[in-house]
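Here is how the chains run, residue by residue.
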Protein chains: 2
Amino acid sequence: MNKKLNPASCAVDYAFQRIGGKYKGRIIWYLNDNNILRYGELRRIVQGITPKMLTQTLRELEEDGLVLRTVHHEVPPRVEYSLTETGKELLPFINHLRVWGEKQMKLEGDTCY
Amino acid sequence: MNKKLNPASCAVDYAFQRIGGKYKGRIIWYLNDNNILRYGELRRIVQGITPKMLTQTLRELEEDGLVLRTVHHEVPPRVEYSLTETGKELLPFINHLRVWGEKQMKLEGDTCY
DNA sequence: CTGTATCCTTATAGATACTG
DNA sequence: CAGTATCTATAAGGATACAG
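To keep things clear, this report deals only with the structure shown in the data block. (Residues numbered from 1 in each chain as written. Chains lettered and ligands numbered in written order. Predicted model: local features only at pLDDT ≥ 70, side-chain atom pairs only at ≥ 80, totals over all residues. Heavy atoms only, no water.)

**With respect to the pattern of salt bridges**
Stated precisely, the cut-off is as follows: For this analysis, a salt bridge means a side-chain nitrogen from Lys or Arg found within 4 Å of a carboxyl oxygen belonging to Asp or Glu. Secondary structure is summarised from DSSP: a helix means a run of H or I of at least four residues, a strand means a run of E of at least two, and numbering begins at the N terminus for each. The classification of residues rests on relative accessible area computed with a 1.4 Å probe and restricted to protein chains. Under 20% of the type maximum is buried, over 50% is exposed, and intermediate values are partly exposed.
For the structure shown, the criterion picks out 16 salt bridges over all chains. For B:Asp64, the salt bridge is made with B:Arg18, and the minimal N-O distance between the two is 3.4 Å. In this pair, B:Asp64 sits in the loop between α4 (51-63) and β2 (67-72) while B:Arg18 sits in helix α1 (residues 7-19), placing the two residues 46 residues apart along the sequence. A relative accessible area of 17% places B:Arg18 in the buried class. One continuous salt-bridge network, built from bridges that share partners, spans A:Glu74, A:Arg78 and A:Glu80.

**A look at the packing of aromatic side chains**
Here is the rule we go by: When two rings of Phe, Tyr or Trp (its six-membered ring) have centres within 6.5 Å they constitute a pair, described as stacked for plane angles under 30 degrees, edge-to-face for angles over 60, and tilted for the intermediate range. Consider the ring centre and the ring normal. A charge sits over the ring if Lys NZ or Arg CZ is within 6 Å of that centre and within 35 degrees of that normal.
Applying the stated criterion to the full structure yields zero aromatic pairs over all chains. Taking NZ or CZ as reference, B:Arg18 lies 4.5 Å from the ring centre of B:Tyr14, over its face.

**So, the interface of chain A and chain B**
Threshold: Contacts were defined at the residue level, with two residues in contact if any of their heavy atoms lie within 4.5 Å. Two parts placed together each lose some accessible area under a 1.4 Å probe, and the buried area is that loss summed for both. Polar contacts here mean pairs of N or O atoms no more than 3.5 Å apart (in protein, one a potential hydrogen donor and the other a potential acceptor; neighbouring residues in sequence count only if both atoms are side-chain atoms). Any residue outside Ala, Val, Leu, Ile, Met, Phe, Trp, Tyr, Cys, Pro, Asp, Glu, Lys and Arg is labelled polar, Gly included; the first ten of those are nonpolar and the last four are charged.
Contacts between the two partners involve 41 residues from chain A and, on the opposite side, 43 residues from chain B. Carbon and sulfur atoms supply 69% of the area buried between chain A and chain B, which totals about 4,400 Å² over both sides. Taken together, the links from chain A to chain B amount to four salt bridges. On inspection of chain A and its partner chain B, the count reaches 10 residue pairs in polar contact (both at pLDDT 80 or more). Breaking the side of chain A that touches chain B down by element, the ones donating at least two residues are α1 (7-19), α2 (24-30) and α6 (91-108) of chain A. Tallied by class, the residues present in the side of chain A that touches chain B amount to 21 nonpolar, eight polar and 12 charged.

**Description of the protein's contact with DNA strand C**
As a reminder of what qualifies: By convention in these notes, a residue is near a molecule or strand provided one of its non-hydrogen atoms lies within 4 Å of it.
In the region of DNA strand C, 20 residues are neighbours, and A:Arg69, A:Tyr81, B:Lys22, B:Tyr23 and B:Lys52 sit closest. Close to the protein, within 4 Å, the atoms of DNA strand C are drawn from sugar and phosphate at a rate of 62%. Measuring from a phosphate oxygen of DNA strand C, one finds a side-chain N or O atom of A:Arg59 at 3.2 Å. In this structure, A:Val79 approaches DNA strand C through a main-chain N or O atom, which is 3.4 Å from a phosphate oxygen. Mapped onto the surface near DNA strand C, the elements with two or more residues apiece are α3 (39-45), α4 (51-63) and β3 (78-83) of chain A together with α4 of chain B. With four residues, α4(A) is the single largest residue contributor to the surface near DNA strand C. Residue classes in the surface near DNA strand C are distributed as nine nonpolar, three polar and eight charged.

**A look at the packing of α6(A) against α1(B)**
Note the following rule: Note on geometry: axes are C-alpha line fits, over the in-contact stretch for helices, and angles between N-to-C directions span 0 to 180 degrees. Orientation categories follow fixed angle ranges, with anything under 35 degrees roughly parallel, anything over 145 roughly antiparallel, 65 to 115 roughly perpendicular, and all other angles oblique.
It is the contact of α6(A) with α1(B), at a shortest axis distance of 7 Å, that shows an interaxial angle of 90°. Taken together, the axes of α6(A) and α1(B) are roughly perpendicular relative to one another. Counted together, A:Ile94, A:Leu97, A:Arg98, A:Trp100, A:Gly101, A:Glu102, A:Gln104, A:Met105 and A:Glu108 of α6(A) and B:Pro7, B:Ala8, B:Cys10, B:Ala11, B:Val12, B:Tyr14, B:Ala15, B:Phe16, B:Arg18 and B:Ile19 of α1(B) form the full contact between these two elements. Each residue belonging to the contact of α6(A) with α1(B) can be placed in one class, and the counts come to 13 nonpolar, two polar and four charged.

By themselves, these figures tell us nothing about what the structure is for.
Structural data, given as structure tokens:
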């Protein structure tokens, strides 16, 4: 352990850790094109996600500098999420991956549930 | 459950499932540029991986059509792994992700261990 | 509305020994 | 050389109730 990986492999691992996980890709994708979404909107759009996972995922994305969290101190409270510039830099790749995924799914006859 | 996701989010999830996991990104990256690597070579290069995980990961990549496994029936046995055309289509994505990761690591002052 | 807290289940990965 | 098998540990995710 604690052996030095070569820089290339290390960065690949690093990036996957930052955008891996069950919901991060989807959330980044939903926030594309300067979408600004509220907590409740994300909760509906990211179907099946529990509040715990949504909060946890958003916090990680925020700590990693990919997502901006804006709190409006109103009653009832309003919290909006959007992509940072760093997060937006990932959009072309997410999109590339999405296109690849769609192609693969067609080849395999898979459907989305 | 069993609700239909919209196609875009579905494909993103699909793709992440296919290339997620702790070692898949690295292995795909190591097999770039038409590299052909033997089991033992991968075992050395993917530092810290156990034979169980290496085999498991390679099998999944093979089943997903990203990696080609070629068995040479010799003594001692020789098994070579390479990227399929489908797998090669992911290289730009992996590479961009790697560049992004390197940039982020520099910003944060992270190092590779 | 936007979360937390707690407990529980499942998925993923690691250690180690062994085989054709 | 290229794996398997078995067991264990840890991480990730899910269910549910509740709070500011």
